[in-house]
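Architecture at a glance
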Amino acid sequence: MKIVPEIRGIKDPYIENDKWQTFDANTLSTTSMSADVVIVGTGAGGGTSAEIFAQAGLKVIMIEEGPLKSSKSFDMNENKAYGDLYQESAGRITKDGSISILQGRCVGGTTVVNWTSSFRTPSFTLDHWSKQYQVKGCNEQEMEPWFEKMEQRLNISPWPVPPNANNDVLRSGCESLGIDWKVIPRNVKGCWNLGYCGMGCPTNAKQSMLVTTIPSALNKGAVLLHSAHAKRLIIEDKKVTGIICHAIDRQHKTTSKQVIIKAPHIILACGGINTPALLLRSKAPDPHNRIGKRTFLHPTAFSFAQFDKDISPFYGAPQSIYSDHFQWKNGVKGSLGYKLEVPPLHPGLTAALLMGHGNNQVDDILKLPNTNAMIALMRDGFHDESEGASISLADDGSPIIDYPINDYLWEGIKHSHLTMAKIQFAAGAKRVQLAHSDAKWFNNFEDFKQGLENSPYQSSSVLIGSAHVMGGVAMGEDKDFCMVDSECKYHYLDNLWIFDGSVFPTSIGANPQLSIYGLICKQATALLAKIKPN
Amino acid sequence: MSKNINRRDFLKIGLIGALTLSVGSSLTTLSSAGSGSQRINDLQFLREQDAEFILAIAPIILNTNYPGALGEQAAERLLLLLDKMMQTFSEYSQQQLLQLFDLMSIAPLRYLAGGPFVPWSKASSQQSDNFLTGWQQSSLSLKRMGYSSLCKLITMTWYSQPENYVQSGYPGPPKVITVE
């Protein structure tokens, strides 16, 4: 695949629009602010709701802990992107180190760094929520108009361009094995097919919150306060009366510079992990001790393959082909189902994923242009033995993510390793690596299978990642498990709504951005009708 | 205070076992007292002994790719980038790293944990390699976690440097021509 040699002619909306009210908390001159609605977090949930409230004429303040970075600074340098745009510089891990988590931390949140895959919430998932957690008003028919609306808003449609070679491995392998595959819908407009979605889109083609809903809210006079960490909610008599925020420095550390934000309506949209952590820091009412429980990650297994032909897995739309063949096969609550996709491979991230060290690793990384990787996203949270992670707090109030991996999850990962290797060999791979820390390669499927049987499935021996954080403040009417009602209002406080992926009672079984957009568009519209009846 | 308790817990349950608990506790306390403020260059998170440890294992992990085109700048670049990244880690991750680095800085504990008895600055390549391989294949999950964390942090930092793209056959990103 040929690279586009240069990018020219891109305008940065944040430089063009000097009337937008954007403030860095570090240089803010006031110590208090107020609005009709305050939204903490500017990712998929926060961005979607900010536009709805601001366009209706309400005064909105958006708070974001990450910095404001826009296309001018998206230079496709991995190291810089991870430091600028990701939680813990892309080094976030679970408590025992088993799972590495990629999560955004910037204005626009994870939507700025995701790989643009946009799926509606599967009907199996919505049905399960309704049956198991008494979620109301969210079945497939009820959700359809909201997904349609957000698909139009963010220009979501199946990728019309042929897949890059990395994605084509998944397509051709599935094709020759009779496994069904489909084209991924993406939220892009005028995409240059470059491959740098994960480092901030340098051409503003990705329809992230940064270039869609947030500008729309700013045009209506909304205020954006970035580099501001929401430390604690002030809770008095079943109401949130204010949010104490601290400016955050370039090392991601909170400073003593404080601003208190007040509004009659408080919306948290900090995402899984960070919304539960803020509620825990605030000692929000939680009679059944549920905050941060059942946090799901779509734990993701990997498989690497080398080909004789050029793959150039660093160029081209990063995700364009998927397979749900193994997703619901064993029933919604049966043995672990998974979605198959491929990740983009740039050298820094790839080197960290290609486990092992020394001579062998040097050989492996040098073959990057001929390397394909496949991923299997485990649909966690549906089976009784899949409880996900629980969030607790370190001394400084930062979250600790404890995700114990049990045999149920290991079985799913093992199964997916076999599936992925089979697909890669069927697509013509010369050898496939079992993603264990000893990083062994196998020249055919039989040897791979043998090698897998002899390899220990235990923490930190097997490569597991995550790019999707869901749950922790579950939605539903069953108060034994759920913290917010079916409209995402906090069960135990009168003016607090949770508008992000942390309300999902299970994982989604698909990349979650459109699930968040659709659900939150519905919930924010319903809330608006209550605040401002026509 | 809480850090010291955590360090003791780490040694107790993690690597050394109950037999060396008393030795471990007192030595850790000594080490904390002795190493508090030593810094080199502009490092904020890494201490001098931590830098020595990283510079002993990085050439083994990166093998013939180290120091590569960065030459004499390689050590400083790697340390500054790791230091910058580690400063952004959560408190829990930072504590885990500091505990690991503490363990690596105290000769008897380092030796019991599979490292060389001599300081890392005097360790041979073979000793560093043995240490890494031992932790990679250990039956103790904390050692495996240490191994995979160290490898991931060092390789991710290293190969994302434009000077090192050639080592992965990556031609690099398109050139951006900005419009003002």
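How each quantity is defined
- Residues numbered from 1 in each chain as written.
- Chains lettered and ligands numbered in written order.
- Predicted model: local features only at pLDDT ≥ 70, side-chain atom pairs only at ≥ 80, totals over all residues.
- Helix = DSSP H or I, 4+ residues; strand = E, 2+ residues; numbered from the N terminus.
- Rg over C-alpha atoms; globule rule 2.2 N^0.38 Å.
- Buried ≥ 20, exposed ≤ 12 C-beta atoms within 10 Å, placed from the backbone.
- Contact = placed C-beta atoms within 7 Å.
- Arc of directions from axis to C-beta.
- Nonpolar A, V, L, I, M, F, W, Y, C, P; charged D, E, K, R; others polar.
- pLDDT = per-residue confidence, 0-100.
- Axes fitted to C-alpha atoms, helices over the stretch in contact; angles between N-to-C directions.
- Parallel < 35°, antiparallel > 145°, perpendicular 65-115°, else oblique.
- Left-handed = near helix turned anticlockwise from the far one by under 90°.
- Pairing = 2+ DSSP bridges.
- Right-handed = clockwise from strand over helix to strand, strands pointing away.
- Expected span 1.5 Å × (residues − 1).
- Core = buried A, V, L, I, M, F, W, Y, C linked by C-beta atoms within 7 Å.

1. With respect to the overall build of chain A
A count of helical and extended segments in chain A gives 13 helices and 27 strands. Here the C-alpha atoms of chain A give a radius of gyration of 22 Å, agreeing with the 24 Å that 2.2 N^0.38 yields for 534 residues. By its C-alpha atoms, chain A is 65 × 55 × 45 Å across when sized along the principal axes. Put simply, chain A has 534 residues, and 61% of those count as buried. In chain A, once contacts between residues fewer than 6 apart in sequence are set aside, the share between residues at least 24 apart is 75%.

2. A few points about the overall build of chain B
Assigned secondary structure in chain B consists of eight helices and one strand. Out of the 180 residues in chain B, the part that is buried amounts to 46%. Within chain B, residue pairs in contact and separated by at least 24 positions form 61% of the contacts whose partners lie at least 6 positions apart.

3. Thoughts on helix α10 (residues 359–366) of chain A
Here α10 of chain A has its buried residues at Gln361, Asp364 and Ile365 of chain A. Summarising the axial view, the buried residues of α10 of chain A lie within an arc of 95 degrees, below the 170-degree limit, and thus occupy one face.

4. Brief notes about the interface of chain B and chain A
At the interface, 48 residues of chain B touch 53 residues of chain A. Put simply, the parts of the chain that give the side of chain B that touches chain A at least two residues each are α3 (48–62), α4 (74–87), α5 (91–105), α7 (125–136), α8 (141–159) and β1 (175–177) of chain B. Per-element accounting of the side of chain B that touches chain A gives the leading share, 14 residues, to α8 of chain B. Split into classes, the residues belonging to the side of chain B that touches chain A amount to 22 nonpolar, 20 polar and six charged.

5. A word on the confidence of the model for chain B
Residues and elements named next belong to chain B. For chain B, the mean per-residue pLDDT works out to 83, and 76% of the residues sit at or above 70. For the stretch residues 1–39, pLDDT sits under 50, and the model shows 42 contacts to residues farther than four places along the chain or on other chains. For this predicted complex, the interface score ipTM comes out at 0.96, while the overall pTM is 0.94.

6. As for the packing of helix α11 (residues 407–426) of chain A against helix α12 (residues 445–453) of chain A
Residue and element names in this part refer to chain A. It is at 10 Å that the axes of α11 and α12 come closest, and there the two elements cross at 165 degrees. The pairing of α11 with α12 is recorded here as roughly antiparallel in orientation. In the crossing of α11 with α12, the sense of the turn from one axis to the other is right-handed. Along the contact surface, α11 presents Lys414, His417, Leu418, Ala421, Lys422 and Phe425, while α12 presents Phe445, Phe448, Lys449 and Leu452. Of the residues assigned to the contact of α11 with α12, the class counts are six nonpolar, one polar and three charged.

7. Looking at the sheet that holds strand β15 (residues 265–268) of chain A
Residues and elements named next belong to chain A. Pairing within the open sheet is parallel, and its six strands lie in the order β2-β11-β5-β4-β15-β27. Pairing within the sheet leaves two strands with one partner each, and these edge strands are β2 (21–24) and β27 (496–498). Strand-to-strand twist of the sheet, defined as the mean angle between neighbouring strand axes without regard to direction, takes the value 20 degrees. In terms of strand pairing, β2 meets strand β11 (residues 223–226) through four bridges, oriented parallel. Following the sheet pairing, Asp24 is matched in β11 by His226.

8. Regarding the sheet that holds strand β14 (residues 254–262) of chain A
All names here are of chain A. Here we have four strands laid out as an open sheet, ordered β3-β14-β13-β12, and mixed in their pairing. Looking at the sheet topology across the chains shown, the edges are occupied by β3 (32–34) and β12 (228–236). If you compare each strand with its neighbour and ignore which way they point, the axes differ by 30 degrees on average. One ladder, built from eight bridges, connects β12 with strand β13 (residues 239–248); its direction is antiparallel. Among the inter-strand pairings, Ile235 is bridged to a residue of β13, identified as Val240.

9. Focus on the pairing of strand β4 (residues 37–40) of chain A
All names here are of chain A. Side chains Val37 and Ile39 project from β4 onto one buried face, and the interleaved Val38 and Val40 project onto a second face that is buried too. Two elements, β4 and strand β5 (residues 60–63), share four bridges in a ladder whose sense is parallel. When the sheet's bridge partners are listed, Ile39 is paired in β5 with Met62. For the crossover that starts at β4, traverses helix α2 (residues 44–55) and ends in the parallel β5, the hand is right-handed. Across four bridges, the pairing between β4 and β15 is parallel.

10. Brief notes about helix α5 (residues 140–153) of chain A
Given 3.6 residues per helical turn, the α-helix brings residues three or four places apart onto the same face. All names here are of chain A. In a regular helix each residue adds 1.5 Å, so 14 residues correspond to 20 Å; α5 covers 20 Å between its end C-alpha atoms and thus fits that length. Along α5, the residues that are buried comprise Met143, Trp146, Phe147 and Met150. Contacts from the buried residues of α5 go to α4 (123–133) and α13 (513–531). At the C-terminal side of α5, Asn155 shows a positive phi close to 55 degrees.

11. Thoughts on unusual backbone geometry
With an omega of 5 degrees, the peptide bond between Tyr66 of chain B and Pro67 of chain B qualifies as cis. In this structure, Pro67 of chain B sits in the loop between α3 and α4. Despite not being glycine, Asn289 of chain A has its phi angle at roughly 60 degrees, a positive value. Turning to its location among the elements, Asn289 of chain A is positioned in the loop between α8 (274–281) and β16 (295–296). Its 8 C-beta neighbours within 10 Å are what place Asn289 of chain A among the exposed residues.

12. Overview of the packing of α3 of chain B against α8 of chain B
Angle between the axes and distance between the axes are the two parameters that describe a pair of packed helices. All names here are of chain B. Relative to each other, α3 and α8 sit at 70 degrees, their axes nearing to 10 Å. The orientation of α3 with respect to α8, classified from their angle, is roughly perpendicular. Taken together, the residues of α8 that come into contact with α3 (itself represented by Ile57, Ala58, Ile61 and Leu62) are Leu150, Cys151, Ile154, Thr155 and Trp158.

13. Points about the nonpolar core
The biggest cluster of nonpolar side chains holds 215 residues, and the ones touching the most others in it are Val38, Val60, Met62 and Ile63 of chain A. Sort the elements by how many residues they give to this core and α3 of chain B lands first, with nine residues. Contacts of Met62 of chain A, omitting those with residues within four sequence positions, involve Ile39, Thr42, Gly46, Ala50, Ala217, Ala222, Val223, Leu224 and Leu225 of chain A.

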